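So you can see what is in the structure, the chains are spelled out below.
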Amino acid sequence: MEVYEIFPSCKSGAGFEDTVTNFLQSLGFNANRNGKDDGGIDIVAKKRIQETEYTFYIQCKYYNKPLGKGPIQEIFAGTAHHKDYGEPVVITNNYVTFEARRYAKDLAVEIIAAPEWEEFRRINIEGRVDNPNQHTGLFGLMIAVLLKDKDYFDKVITSTEGEKIKNKNELKLQIISEFDEAEECVKEAAYLQQKAAQFQQRALN
């Protein structure tokens, strides 16, 4: 399947956003496009499962070339401004470079690109998942809804919660590390200021 056949009706980025929004709504997500001042977030999609509401902040990119790191940085920064801990997602019609995939993994940004759309199309035709790796996040929920499979739902939720805990722990360690580094820099700056004052006094003497 050619990558450009995935969304054949799209002619622009705005059209792509509309298509993705309508597609998510058809799967039962509360999905809406953001306004002009979106901070990198084109769509906010939510789905309540039992007592938990899952929120996804989505940036859409309708490209005629593989996607690089830029949109990943944008959605990561845009999501950081929100306080309800939504999950950042980049959705594109095209492929994503290996470097961008690795970068997205480091920042815990989910990618839904040409390979994922092809897998989703195949699941829709065959009515089953043949990928041994458990999908999480938005894509995992999309598959669970498509298959109407409660067991898959449960696996997605468990895996997603595990990823959240892991990401929060990693972020905590990163913050602690950066705080320690900043503290050392403050100490070093104070020491250098003291030395500068001593040299200045010597010069005056």
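Note that the structure is predicted; figures quoted are calculated from it, not measured.

A. Quick look at the overall build of the protein chain. Along its length, the protein chain carries 6 helices and 5 strands. Tracing the protein chain from N to C terminus, the helices and strands come up as α-β-β-β-α-β-α-β-α-α-α. Taken across its 205 residues, the protein chain has 36% of its residues classed as buried. Summed over all atoms, the accessible surface of the protein chain reaches about 12,700 Å², with 51% contributed by carbon and sulfur.

B. How the structure looks around the packing of aromatic side chains. Under the definition given, this model contains 4 aromatic pairs. Through successive ring pairs, a cluster of aromatic residues spans F23, W117, F120 and F139. Across the ring face of F29, the terminal group of K47 is positioned such that the distance to the ring centre comes to 5.4 Å. The side chain of K69 reaches across the aromatic face of Y103, ending 5.1 Å from its centre.

C. Spotlight on the sheet that holds strand β1 (residues 30-33). Reading across from one edge, β1-β2-β3-β4-β5 is the order of the 5 strands in this open sheet, with mixed pairing throughout. Each end of this open sheet is capped by a strand with a single partner; those strands are β1 and β5 (110-112). When strand polarity is set aside, the average angle formed by the axes of neighbouring strands in this sheet is 25°. Strands in contact with helix α1 (residues 13-26) are β1, β2 (43-49), β3 (52-61) and β4 (87-92); relative to β1, the strand with the most contacts, it is inclined by about 165°.

D. Quick look at the pairing of β3. Summarising burial for β3: 8 of the 10 residues are buried, a large majority. With 7 bridges joining them, β2 and β3 adopt antiparallel strand pairing. Across the sheet, residue I43 finds its bridge partner in β3, namely I58. What sits between the antiparallel neighbours β2 and β3 is a turn of 2 residues, in which Q50 has the positive phi angle 60°.

E. How the structure looks around the pattern of salt bridges. This structure, assessed with the given rule, holds 6 salt bridges. A salt bridge links E17 to R33, with the nearest nitrogen and oxygen atoms 2.9 Å apart. Pair noted here: E17 is in helix α1 and R33 is in strand β1, with a separation of 16 residues, a long-range link. E17 gets classed as buried once you look at its relative accessible area, which sits at 14%. A salt bridge links E116 to R101; its shortest N-O distance comes to 2.9 Å. Here E116 is found in helix α4 (residues 114-126), whereas its partner R101 is found in helix α3 (residues 98-106), with 15 residues between them in sequence. Residue E116 is classed as buried on the basis of its relative accessible area, which comes to 13%. For R101, a relative accessible area of 26% gives the class partly exposed. Sharing partners across several salt bridges, the network here consists of E17, D18 and R33.

F. Geometry of α4. In this model, α4 (13 residues) spans 18 Å end to end at C-alpha, consistent with the 18 Å of a helix rising 1.5 Å per residue. Three or more residues of α4 are buried, namely A114, E116, W117, E119, F120 and I123. Immediately downstream of α4, the backbone of G127 shows phi near 70°, a positive value.

G. Broad picture of the nonpolar core. L24, I58, I91, L138 and M142 are the most contacted members of the largest nonpolar core, which has 30 residues in total. The residues touching L138, leaving out its near neighbours within four places in the chain, are L24, F29, F56, I58, V89, I91, E110 and I112. Counting residues in hydrophobic clusters, the runner-up holds 13 residues, among them I41, Y57, I72 and A104.

Criteria and cut-off values
Residues numbered from 1 in each chain as written. Predicted model: local features only at pLDDT ≥ 70, side-chain atom pairs only at ≥ 80, totals over all residues. Heavy atoms only, no water. Helix = DSSP H or I, 4+ residues; strand = E, 2+ residues; numbered from the N terminus. Buried < 20%, exposed > 50% of the residue type's maximum accessible area, 1.4 Å probe, protein only. Areas by Shrake-Rupley, 256 points an atom, 1.4 Å probe, with all protein chains shown as cover. Phe/Tyr/Trp six-rings, centres within 6.5 Å; stacked < 30°, edge-to-face > 60°. Lys NZ or Arg CZ within 6 Å of the ring centre and 35° of its normal. Pairing = 2+ DSSP bridges. Axes fitted to C-alpha atoms, helices over the stretch in contact; angles between N-to-C directions. Contact = heavy atoms within 4.5 Å. Salt bridge = Lys/Arg side-chain N within 4 Å of Asp/Glu carboxyl O. Expected span 1.5 Å × (residues − 1). Core = buried A, V, L, I, M, F, W, Y, C linked by side-chain atoms within 4.5 Å.

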